[in-house]
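For reference, the chains in residue letters:
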Amino acid sequence: MAKSGYGKRLAGDEEPDTEPDFAHLIPRDAELATFIDHLPDGAAMGHKVIAAAHPRYGQQAVRTSLRRLTEAGHLRWVKEHIIVEDGSMRWVTRTYWSRKPKSVAWWAEFVRAWHGRDVTDAYQPGLARVTEPEPEPDPASPRDDESTAAHRTLVQLRTADRRMALSEGECKQLEPSAAEWLARGATPSDITRALTEGLPPTVTNPGGLARTRLENKMPPKRQAPAKARARITRAVMVCPFCDEPETSVQLVNGICMECMPAEERTEYVPDTFLARPRQAPGRAAEPEVVDVTERVDALRRAAGLKRATP
């Protein structure tokens, strides 16, 4: 699993998986697509992590398949800038997965729709904070501490008021109720005061009186603190391999040109170019006549690309 708030996310409502979902992919890519499809939300999506968990393919094979799945429209990496009301902010990179391949236009609209979205409920815990959240305490440990403090408080009632001297058996019976008081934010002094204030001159059944008061005067449960509102102020698509955003590099089907295999880049070299006008002294500018085929070949040679085969 990735860190809290990161990792795999579904791109939208998904239909139940069916046998032909990945029939359009080559066998290895289809196998890895099925593997990813069954990963839970929040699963780490780096090629090294997936390769370590997959029994058949190594890092390079997984990296290649992730690229193909991205180009096919199943995957996109999106970096989201989140601001919280408490003033904290951070960039979070998520991996969005779609069982059905989506078009480039669909993904662009999907990313655009995140701008300004409130994500308090879905993404607040452990993610829009400057520092990592403290680890959750073991529930058994606080319960043991409260039980011990509750038992000690009940035993010491005889010191606070001899009329409320409890037996060992009564202390054990009343311990869960007293521990619940502590769990709800009360202190041992609060329990002692509730059980000793306003007593009659003679108490014939201190255990019964203590039980009645613990039940009737039980403080309310503590309310969880309200979450600070969080929203996405900006979302941009990024290349999965170099993390460069679409604002600084050209992404083609989700992959930047630098991270694309050299033999595939020829498909994306423009076929037409605007010619610079040639300006002669004293004459109006006239467009320069340019052999477009020759210009394309020159650009491909300069980029170290092979000429596309017709």
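Above: the structure in question.
Here the structure is a predicted model, which is why all the values come from computation and not from measurement. (Residues numbered from 1 in each chain as written. Predicted model: local features only at pLDDT ≥ 70, side-chain atom pairs only at ≥ 80, totals over all residues. Heavy atoms only, no water.)

Caption draft 1: Expanded view of the pairing of strand β3 (residues 89–97). As judged from the 4 bridges shared by strand β1 (residues 7–10) and β3, these two strands associate in the parallel manner. Counted as the bridge partner of Gly7 is Arg94 from β3. Here strand β2 (residues 75–84) runs beside β3; their pairing, made up of 9 bridges, is antiparallel. Directly across from Leu75, in β3, lies its bridge partner Trp97. (Pairing = 2+ DSSP bridges. Helix = DSSP H or I, 4+ residues; strand = E, 2+ residues; numbered from the N terminus.)

Caption draft 2: A look at the packing of aromatic side chains. Scanning the entire structure with this criterion turns up 7 aromatic pairs. Ring geometry for Trp106 against Phe110: centres 5.4 Å apart, planes inclined by 10 degrees, an arrangement best described as stacked. Here Trp106 pairs with Phe110, and both are found in helix α4 (residues 104–112), just 4 residues apart, close to one helical turn. Classification of Trp106 as partly exposed rests on a relative accessible area of 31%. Since its relative accessible area comes to 12%, Phe110 is described here as buried. Connected via pairs of aromatic rings, a cluster forms that spans Tyr96, Trp106, Trp107, Phe110 and Trp114. (Phe/Tyr/Trp six-rings, centres within 6.5 Å; stacked < 30°, edge-to-face > 60°. Buried < 20%, exposed > 50% of the residue type's maximum accessible area, 1.4 Å probe, protein only.)

Caption draft 3: Structural detail: the packing of helix α8 (residues 168–183) against helix α9 (residues 188–196). The interhelical angle for the contact between α8 and α9, taken along N-to-C directions, is 125 degrees, at an axis separation of 9 Å. If you check the angle between α8 and α9, you find them oblique. Seen from above, α8 lies across α9 with right-handed handedness. Facing Ala178, Trp181 and Leu182 of α8, the residues of α9 in contact are Pro188, Asp190, Ile191 and Ala194. In the contact of α8 with α9, the residues fall into 6 nonpolar, no polar and 1 charged. (Axes fitted to C-alpha atoms, helices over the stretch in contact; angles between N-to-C directions. Parallel < 35°, antiparallel > 145°, perpendicular 65-115°, else oblique. Left-handed = near helix turned anticlockwise from the far one by under 90°. Contact = heavy atoms within 4.5 Å. Nonpolar A, V, L, I, M, F, W, Y, C, P; charged D, E, K, R; others polar.)

Purely geometric stuff here, so don't read any function into it on its own.
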